[in-house]
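What follows is the residue order along each chain.
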Amino acid sequence: MNEDHCPECGAAVAGGLTGCQLLFEEIGFRAAQHPRIAAVHWLAVDAYCMQHVERYCRSAKSYAAHLTGLCCGVEHGADRKIYAAIQRWLNGKVVLEKPPALNQRGSLTIVDVLADQDVEKTRTRVKEWADCVWGAYLSQHDIARNWLQAALEGQRKQK
Ligand SMILES: [Zn+2]
């Protein structure tokens, strides 16, 4: 087993998947310390999970949560009302078909995001990373947008 690279996102990181996981925790720590990083933390979580679908997207619902969340983060400016609608939609009864896992999940990884301690640079990199991961999922954009639409329609029906 190659322990110099994460087998899921391909990042060059000592300890492979375990080392990559520690970096994911690191961004959580930074978010706890800086409100401006906390503001992009959801975006980072969705980007990370869509690069680690074997671990974080085992069920169709979790896959939908992160793919649709990433869509919201990149295409809808991380609108909190939309994030909430996605959560409510997935808490209800929904029948979902899980799309196939992709092999290419974006060239940027959490290693690039955390390369610098500077808060503003980290924020910029989180956004670049999320754009990159979202771009890698081009073949599933329609699925994500349809799910997001379903979440917003479900919200309207409840009112
Ligand atoms: Zn990884």
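Notes on the structure in this doc start here. Just so you know, these numbers come straight off a predicted model, no measurement behind them.

As a further point, take the environment of K81. Among the secondary structure elements, K81 is positioned in helix α6 (residues 80-91). For K81, a count of 11 C-beta atoms within 10 Å gives the class exposed. Spatially, the C-alpha atom of K81 lies 9.5 Å from that of L152, the residues being 71 residues apart in sequence.

Right, let's talk about the nonpolar core for a bit. Ranked by size, the top nonpolar core spans 45 residues in total, and within it A47, L70 and A130 carry the most contacts. Listing elements by their share of this core, those giving two or more residues are α1 (16-33), α3 (41-51), α5 (60-75), α6, α7 (110-113), α8 (119-136) and α9 (141-158). With eight residues, the top contributor of residues to this core is α5. The contact partners of A47, leaving out residues within four places of it in the chain, are L70, W129, A130 and V133.

This paragraph deals with the packing of α5 against α6. Where α5 meets α6, the closest approach of the two axes is 10 Å, and the angle between their N-to-C directions is 165°. Put simply, α5 runs roughly antiparallel to α6. Seen from above, α5 lies across α6 with right-handed handedness. Side by side, α5 and α6 meet where K61, A64, A65, T68, G69 and C72 of the first sit next to I82, Y83, I86 and L90 of the second. Considering only residue class, the contact of α5 with α6 consists of seven nonpolar, two polar and one charged.

The next thing to look at is α3. By the criterion of burial, α3 is predominantly enclosed, with eight of the eleven residues buried. Within α3, the full set of buried residues consists of L43, A44, D46, A47, Y48, C49, M50 and Q51. Buried residues along α3 sit against α1, α4 (53-56), α5, α7 and α8.

At a minimum axis distance of 10 Å, the contact between α5 and α8 shows a crossing angle of 125°. By the angle between their axes, α5 is oblique relative to α8. Viewed along their axes, α5 and α8 form a crossing whose handedness is left-handed. Between α5, through L70, G73 and V74, and α8, the contact on the second element is made entirely by A130, D131, V133 and W134.

Reading the values: rules and limits
Residues numbered from 1 in each chain as written. Predicted model: local features only at pLDDT ≥ 70, side-chain atom pairs only at ≥ 80, totals over all residues. Helix = DSSP H or I, 4+ residues; strand = E, 2+ residues; numbered from the N terminus. Buried ≥ 20, exposed ≤ 12 C-beta atoms within 10 Å, placed from the backbone. Core = buried A, V, L, I, M, F, W, Y, C linked by C-beta atoms within 7 Å. Contact = placed C-beta atoms within 7 Å. Axes fitted to C-alpha atoms, helices over the stretch in contact; angles between N-to-C directions. Parallel < 35°, antiparallel > 145°, perpendicular 65-115°, else oblique. Left-handed = near helix turned anticlockwise from the far one by under 90°. Nonpolar A, V, L, I, M, F, W, Y, C, P; charged D, E, K, R; others polar.

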